[in-house]
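Structural features, examined
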Amino acid sequence: MWTYQKAHYAGQKAHYAGLLLILTLTLTALTMPAQADGAGAIAYRKAVMSSVGGHLKAIVGILKGQGGDKVHLLAHAESLAALAVITQDAFPLGSDAAAGKTDAAARIWEKPQDFKRATDAFISETAALAAAAKTGDLRAFGKQLGVVGKVGCKGCHSAFRSK
Ligand code: HEC
């Protein structure tokens, strides 16, 4: 019995040590700034942009009556506004074509002030879209969606995305 308990205890000890190690590693990974390499930053940026594209597609589908529901418009608009804020952090130095396959133009890093104007416009126009969604005024919403598309998406893509 004693030997069994001892062996059991040793096994548990090893088990807890293993758990502790995993916990420590996880906490370390969470608290340390990730070693974000350029390729990782590009993948992150594409994921963010794909999400932006997804919300826009969803909104258009709702407005055309193809699917979804008008009550979803606010959530999509607020998601776009939140992603627009993230966009300004999605182009760190070292995430250009030298780091991996990307359509982000070199101009982003060559003309940072111009690029900041593009992200600022995206942030303010998507915020206005979310505000329009809150009023429930579909005409105003549709009009502002046009502005987001033209000033936001197209404005930035034509200047800073090489395709
Ligand atoms: C401030 C600039 C900027 C704004 C605003 C912007 N984009 Fe982009 N977008 C880019 C750049 C640059 C890329 C290329 C990213 C890359 O390849 O690293 C891109 C890529 C994309 C992609 C392709 C993602 C992939 O997987 O390669 C989609 C889809 C997209 N954008 C949709 C949109 C839509 C829709 C809007 C507006 C609602 C928008 N973007 C607004 C700069 C912008």
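The present account deals with the structure reproduced in this document. (Residues numbered from 1 in each chain as written. Predicted model: local features only at pLDDT ≥ 70, side-chain atom pairs only at ≥ 80, totals over all residues.)

**What about the overall build of the protein chain?**
Along its length, the protein chain carries six helices and zero strands. Scored against the burial criterion, the 163 residues of the protein chain give a buried share of 20%. Long-range pairs, those at least 24 residues apart, make up 70% of the contacts in the protein chain with a sequence separation of at least 6. (Helix = DSSP H or I, 4+ residues; strand = E, 2+ residues; numbered from the N terminus. Buried ≥ 20, exposed ≤ 12 C-beta atoms within 10 Å, placed from the backbone. Contact = placed C-beta atoms within 7 Å.)

**Focus: the nonpolar core**
Residues Ala77, Leu80, Ala81, Leu129 and Ala133 are the most contacted members of the largest nonpolar core, which totals 20 residues. For this core, the secondary structure elements donating two or more residues are helix 2 (38-63), helix 3 (73-87), helix 5 (112-135) and helix 6 (138-160). In terms of residue count, the dominant contributor to this core is helix 5 (seven residues). Ignoring anything within four residues of it in the chain, the contact list for Ala77 reads Leu129, Ala130 and Ala133. (Core = buried A, V, L, I, M, F, W, Y, C linked by C-beta atoms within 7 Å.)

**Describing the site of the ligand**
Around the ligand, a shell composed of 22 residues is seen, among which Met49, Gly53, Asp103, Cys153 and Cys156 lie nearest. Of all the elements in the fold, those that place two or more residues in the shell around the ligand are helix 2, helix 5 and helix 6. With eight residues, the top contributor of residues to the shell around the ligand is helix 2. A class-by-class count of the residues in the shell around the ligand yields 11 nonpolar, seven polar and four charged. (Near = placed C-beta within 6 Å. Nonpolar A, V, L, I, M, F, W, Y, C, P; charged D, E, K, R; others polar.)

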